[in-house]
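Results of the structural survey
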Amino acid sequence: IGLLFVMVGLLFGLTGCGRTDMSVFDPAGPVAKMELSVIMTSVYIMTGVFIVAMAILVYVLIRFRRRKGQDLPPKQVEGNNWMELTWTIIPLILMGILAVPTVSTAFALDQKQTGPNTMNVTVKASQFWWQFEYPDLGIVTAQALHIPVGTKVNLKLETTDVMHSFWVPRLAGKTDLIPGRVNTMWFEASQPGEYQGKCAEYCGPSHGVMDFVVIADTPQQFQAWVQKMKNPQVQPTSAQAAEGEKLFAQNCATCHAIAGTNFKGVLGPDLTGFADRPKVAGVLDNNPTDVEKWISDPAAIKPGTKMPKLPLNQQQISALSAFLEGLK
Ligand code: CUA
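The rules we used
- Residues numbered from 1 in each chain as written.
- Predicted model: local features only at pLDDT ≥ 70, side-chain atom pairs only at ≥ 80, totals over all residues.
- Heavy atoms only, no water.
- Domains from an automatic or database assignment.
- Contact = heavy atoms within 4.5 Å.
- Buried area = accessible area lost by both parts, 1.4 Å probe.
- Salt bridge = Lys/Arg side-chain N within 4 Å of Asp/Glu carboxyl O.
- Buried < 20%, exposed > 50% of the residue type's maximum accessible area, 1.4 Å probe, protein only.
- Helix = DSSP H or I, 4+ residues; strand = E, 2+ residues; numbered from the N terminus.
- Phe/Tyr/Trp six-rings, centres within 6.5 Å; stacked < 30°, edge-to-face > 60°.
- Axes fitted to C-alpha atoms, helices over the stretch in contact; angles between N-to-C directions.
- Parallel < 35°, antiparallel > 145°, perpendicular 65-115°, else oblique.
- Nonpolar A, V, L, I, M, F, W, Y, C, P; charged D, E, K, R; others polar.
- Pairing = 2+ DSSP bridges.
- Polar contact = N/O pair within 3.5 Å; in protein donor to acceptor, adjacent residues only side chain to side chain.

Domain annotation of the protein identifies domain 1 (19-62 + 80-221) and domain 2 (239-324). Just the C-alpha atoms count here: the centres of domain 1 and domain 2 sit 32 Å apart. In this complex, domain 1 contributes 17 residues to the contact, which on the side of domain 2 involves 15 residues. When the area that domain 1 buries against domain 2 is broken down by residue, the three leading residues are Trp129, Gln143 and Val209, summing to 31%.

Let's shift gears to the pattern of salt bridges. Taken as a whole and assessed by the stated rule, the structure comprises 8 salt bridges. A salt bridge links arginine 66 to aspartate 71, with the shortest nitrogen-to-oxygen separation between them at 3.3 Å. Comparing arginine 66 with aspartate 71 shows no difference in burial state: the two are exposed. The shortest N-O distance in the salt bridge between lysine 309 and aspartate 297 comes to 4.0 Å. On the criterion of sequence distance, the pair formed by lysine 309 in the loop between helix H7 (298-301) and helix H8 (314-324) and aspartate 297 in the loop between helix H6 (288-296) and H7 is long-range, its members being 12 residues apart. By relative accessible area, which is 58% here, lysine 309 ends up exposed.

Each pair of aromatic rings is reported with the distance of its centres and the angle of its planes. Counted under the stated rule, the structure contains 10 aromatic pairs. Between phenylalanine 132 and phenylalanine 212 the ring centres are 5.9 Å apart and the planes differ by 55°, which places this aromatic pair in the tilted class. You can see phenylalanine 132 sitting in strand S2 (residues 129-134) and its partner phenylalanine 212 sitting in strand S10 (residues 211-217), a full 80 residues away along the chain. Owing to a relative accessible area of 0%, phenylalanine 132 belongs among the buried residues under this scheme. Here a set of aromatic residues connected by ring pairs shows up, and it is made of Trp130, Phe132, Phe166, Phe187 and Phe212.

Attention shifts here to the packing of helix H2 (residues 30-63) against helix H3 (residues 81-110). A pair of packed helices can be characterised by two numbers: the angle between their axes and the separation between those axes. Viewed as axis vectors pointing N to C, H2 and H3 meet at an angle of 170°, and their least axial separation amounts to 10 Å. On the basis of their axis angle, the class for H2 and H3 is roughly antiparallel. Contact residues: H2 offers Val31, Met34, Glu35, Val38, Thr41, Ser42, Ile45 and Val49, while H3 offers Leu94, Ile97, Leu98, Pro101, Thr102, Thr105, Ala108 and Leu109. Classifying every residue of the contact of H2 with H3 gives 11 nonpolar, 4 polar and 1 charged.

Spatially, S3-S2-S1-S5-S8 is the arrangement adopted by the 5 strands of the open sheet, whose pairing is mixed. Since the sheet does not close on itself, it has two edges, and those belong to strand S3 (139-142) and strand S8 (183-187), each with one partner. Between one strand axis and the next, the sheet turns by 25° as a mean value, whatever way the strands run. Bridge analysis of strand S1 (residues 118-126) against S2 gives 5 bridges, and the strand direction is antiparallel. What sits directly across from threonine 122, in S2, is glutamate 133. Sitting on the sheet, helix H4 (residues 219-230) is in contact with S1, S2 and S3, with an inclination near 100° to S3.

Looking now at the sheet that holds S10. Taken in spatial order, the 5 strands of this open sheet run S4-S10-S9-S6-S7, and their pairing is mixed. Strands at the two margins of the open sheet, each flanked by one partner only, are strand S4 (144-148) and strand S7 (172-177). On average, adjacent strands in this sheet sit at an angle of 20° to one another, irrespective of strand direction. The sheet contact formed by strand S9 (residues 193-199) and S10 spans 6 bridges and is antiparallel.

What follows covers the side chain of arginine 170. Among the structural elements, arginine 170 can be located in the loop between strand S6 (164-168) and S7. Residue arginine 170 is classed as buried on the basis of its relative accessible area, which comes to 18%. Of note is the side chain of arginine 170, whose polar atom sits 2.7 Å from the backbone oxygen of aspartate 26.

What follows covers the pairing of strand S5 (residues 152-159). Each regular strand carries side chains that alternate between the two faces of the sheet. Strand direction decides the pairing type here: S1 and S5, joined by 8 bridges, are parallel. Bridge pairing links threonine 118 to lysine 152 in S5. Direction of pairing for S5 relative to S8: antiparallel, over a ladder of 5 bridges. By the bridge assignment, leucine 157 is partnered in S8 with asparagine 183.

Rendered as structure tokens:
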């Protein structure tokens, strides 16, 4: 019994049940709602089976316990067609009840959404960050996926290296990103807000911090964001930022792109509109202090990251940060 409590405790601790912003029990869109309904059907069935099985066990333990003066072995029973049929047919019925909604939901979720209120996004995962491409809008961004509220988003999921898994618990279940193939899924956010996302497939030392966020905007906010991303503010806003831009050209542009500039690197995250993102590298707050912390020693935040520790002094790192925080 003690072991059982420890295991149940670990189960809840390890599933992160304390994080309400990542609870599948608080769905924020139609896909997550459909999936929760399948989850609850299976929870109800399992709870019923558990209660009945435990009741029978307790009954048998008491009813057929060894009584005083009983020394002979109990009557031996072999085979009982009626009981065997019962415990074969009942599970078959339960499996059927579970299979019907599971299969129909799986097919509904696999269907590419069409019509006026739909949008296409290509997700590309790399160790340990996310790129989001809007093929119809000509926009590329990273770490923060903007979507308009009430729109069905068709996702194409690809990886540039190892297996990852795309998971936004309040919007939809996980879908793996597998080398050499393209997976698809769709989701929709019913309410504006930020929905935390995680990589859900072990992919290396920084798997646990391969975070991203889905930002569901009102249609007006989304249009404003699209316009900003198409015509971003890239001019340095101060002498320090201008110094940062030079350093960026020398040290960062081989890996990072910024729309509206000559910086076209593709190995690392696209940094267009960097200052508007809620997080840096998916896990740090987006403020000058944390940007400097990230640039100073990326591997201290994300072990195994391909972003190198650059041979820059504090003043140069501050200049780079000033340039990045001007990208809106
Ligand atoms: Cu990417 Cu785990």
